[in-house]
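In case you want the letters, here they are:
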Amino acid sequence: GQNIDQPTEMTATEGAIVQINCTYQTSGFNGLFWYQQHAGEAPTFLSYNVLDGLEEKGRFSSFLSRSKGYSYLLLKELQMKDSASYLCAVILPTGGGNKLTFGTGTQLKVEL
Amino acid sequence: DSGVTQTPKHLITATGQRVTLRCSPRSGDLSVYWYQQSLDQGLQFLIQYYNGEERAKGNILERFSAQQFPDLHSELNLSSLELGDSALYFCASGTGASNQPQHFGDGTRLSIL
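Scope of this entry: the structure provided in the associated data block.

Conventions used here
- Sequence order as written defines residue numbering, which begins from 1 separately in each chain.
- The order in which chains are written sets their letters, starting at A; the order in which ligands are written sets their numbers, starting at 1.
- Where totals are concerned, whole chains, interfaces and linings use all residues; where local detail is concerned, this predicted model gives features only for residues with pLDDT of at least 70, and gives and counts side-chain atom pairs only at 80 or more.
- Water and hydrogen atoms play no part in the side-chain values, which are based on all heavy atoms of the structure.
- Each helix is a run of DSSP H or I of at least 4 residues and each strand a run of E of at least 2, with the numbering of both proceeding from the N terminus.
- Classification of residues uses two cut-offs on accessible area relative to the type maximum, computed with a 1.4 Å probe and protein chains only: under 20% is buried, over 50% is exposed, and between them is partly exposed.
- Only heavy atoms enter the contact rule, under which two residues are in contact if any of them lie within 4.5 Å.
- Using a 1.4 Å probe, accessible areas were evaluated by the Shrake-Rupley method; residue-level cover was limited to the displayed protein chains.
- Charged residues are defined narrowly, with Lys and Arg counted positive, Asp and Glu counted negative, and His plus the chain ends left uncounted.
- Here the site of a charge means NZ on Lys, CZ on Arg, CG on Asp, or CD on Glu.
- Once two parts are put together, the accessible area they lose, assessed with a 1.4 Å probe and summed over both, is termed the buried area.
- Between Lys or Arg on one side and Asp or Glu on the other, a salt bridge is scored when a side-chain nitrogen of the former is within 4 Å of a carboxyl oxygen of the latter.
- Identification of polar contacts relies on pairs of N or O atoms within 3.5 Å, with a donor-acceptor requirement for protein atoms, meaning one able to donate a hydrogen and the other able to accept it, and with residues adjacent in sequence counted only if both atoms are side-chain atoms.
- Polar here means any residue other than Ala, Val, Leu, Ile, Met, Phe, Trp, Tyr, Cys and Pro, which are nonpolar, and Asp, Glu, Lys and Arg, which are charged; Gly is therefore polar.
- The pairing test for Phe, Tyr and Trp rings, Trp by its six-membered ring, is centres within 6.5 Å, and the orientation test on the planes gives stacked under 30 degrees, edge-to-face over 60, and tilted for anything in between.
- To qualify as a nonpolar core, a set must consist of buried Ala, Val, Leu, Ile, Met, Phe, Trp, Tyr and Cys residues joined through side-chain atoms within 4.5 Å.
- Think of it this way: DSSP has to see at least two bridges between two strands before they count as a pair.
- Angles run from 0 to 180 degrees between N-to-C directions of axes, and those axes are lines fitted to C-alpha atoms, restricted for helices to the stretch in contact.

1. Structural notes on the overall build of chain A
Check the secondary structure of chain A and you find zero helices and 11 strands. Scanning chain A from its N terminus toward the C terminus, one meets helices and strands in the order β-β-β-β-β-β-β-β-β-β-β. Expressed as a percentage of the 112 residues in chain A, the buried residues total 49%. Considering only residue pairs separated by 6 or more positions, chain A has 54% of its internal contacts joining residues 24 or more positions apart. Accessible surface for chain A amounts to roughly 5,300 Å². Of this, 49% is attributable to carbon and sulfur atoms. In chain A, which carries 8 positive and 10 negative side-chain charges, the distance between the mean positions of the two groups comes to 5 Å.

Right, here's the structure in full:
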């Protein structure tokens, strides 16, 4: 089966830096996505990694190590609006298509 | 606004009934994906269509079926509804390429009474 693990909850302070980890064990790998989801809303795309290393996009960075089955999302200069669930998802080849398999998400709470 | 439109936003019905959820993908996207999100299961992939053809299947129940029409909109049909089917159902669209993100609609919240 497919296994994607993330911490359930994290708390951080406004203005600080937080790192959300994700480990995965999957049969197949075509890349890893991070999505942000506010309660009751649609997930929104943050980042994509398929090669090892760091991808930076403004206040958000994502890192991947394929040999370790490990990724992290780094959020800098935290703002209150960053309070949300962060979903790690691995894209798996499936026959003629592909499917996103999501972890259960990390609920981040940003405090003053 | 992702450009993906889902209707209806909310649906309340009873056990044993059948419902149809509708999704219009972003302009230019050929692929549509359906997901179910419940509190205890997280976001679960159901099925993918690409240009009218089924491409990938997840743990979709036999009571559920989907199709994608020539104009690329898609419908998810849920029948013989059970209390456990209560969830948020998301549609996402994309190019179909694995290295491109899927863009999610706002979802349909289904409540079974």
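2. Regarding the interface of chain B and chain A
Counting residues at the interface gives 21 residues for chain B, matched by 19 residues for chain A. A combined buried area of about 1,600 Å² lies between chain B and chain A, and 57% of that area is made up of carbon and sulfur atoms. Contact with chain A buries area across many residues of chain B, yet Leu43, Ser98 and Phe104 of chain B alone supply 30% of it, more than any other trio. Connecting chain B to chain A are zero salt bridges. Linking chain B to chain A there are five residue pairs in polar contact (both at pLDDT 80 or more). Among the elements of the structure, β4 (31-38), β5 (42-50) and β6 (53-57) of chain B are those that each provide at least two residues to the side of chain B that touches chain A. Residues that form the side of chain B that touches chain A fall into these classes: nine nonpolar, eight polar and four charged.

3. Section: the packing of aromatic side chains
Here the structure, examined in full by the defined rule, presents 16 aromatic pairs over all chains. A centroid spacing of 4.6 Å and a plane angle of 40 degrees characterise the contact between phenylalanine 33 of chain A and tyrosine 48 of chain A, whose relative ring orientation is tilted. Placement of the pair is phenylalanine 33 of chain A in strand β4 (residues 32-37) and tyrosine 48 of chain A in strand β5 (residues 44-49), with a sequence separation of 15 residues. Summarising the burial analysis for this pair, phenylalanine 33 of chain A and tyrosine 48 of chain A share the class buried. Ring-pair connections join several aromatic residues into one group, and the members of that group are Phe33, Tyr35, Phe45, Tyr48 and Phe102 of chain A together with Tyr35, Phe45, Phe90 and Phe104 of chain B.

4. Side note on the nonpolar core
Core analysis: the largest hydrophobic core is formed by 21 residues, its most contacted members being Leu32, Trp34, Leu73, Leu75, Leu78, Tyr86 and Leu108 of chain A. Looking at this core, the elements with two or more residues in it are β3 (18-25), β4, β7 (60-65), β8 (70-75), β9 (84-94) and β11 (106-111) of chain A. Of the residues forming this core, the biggest block, five residues, is contributed by β9 of chain A. Counting 20 residues, the second-largest nonpolar core is a separate cluster that includes Cys23, Tyr49, Leu78 and Tyr89 of chain B.

5. Brief notes about the sheet that holds strand β1 (residues 3-5) of chain A
Residues and elements named next belong to chain A. Within the open sheet, the five strands sit side by side as β1-β3-β8-β7-β6. Their pairing is antiparallel. Each having just a single partner strand, β1 and β6 (53-57) make up the two edges of the open sheet. With direction set aside, neighbouring strand axes in the sheet form an average angle of 15 degrees.

6. Brief notes about unusual backbone geometry
For the bond running from threonine 7 of chain B to proline 8 of chain B, omega is -10 degrees, close enough to zero to count as cis. Looking at the secondary structure, you find proline 8 of chain B in the loop between β1 (5-7) and β2 (10-13). Despite not being glycine, glutamate 77 of chain A shows a phi value in the positive range, around 45 degrees. If you trace the backbone, glutamate 77 of chain A turns up in the loop between β8 and β9. Of note in this structure, leucine 72 of chain B is not a glycine but carries a positive phi near 80 degrees.

7. Overview of the sheet that holds strand β7 (residues 64-68) of chain B
All names here are of chain B. Ordered in space as β1-β3-β8-β7, the four strands form an open sheet in which the pairing is antiparallel. Edge positions in the open sheet fall to β1 and β7, since each of these has one partner strand only. Ignoring which end each strand starts from, the neighbouring axes of this sheet average 15 degrees apart. Bridge count between β1 and strand β3 (residues 19-24): three bridges; the pairing is antiparallel. Residue pairing in the sheet places threonine 5 in a bridge with serine 24 of β3.

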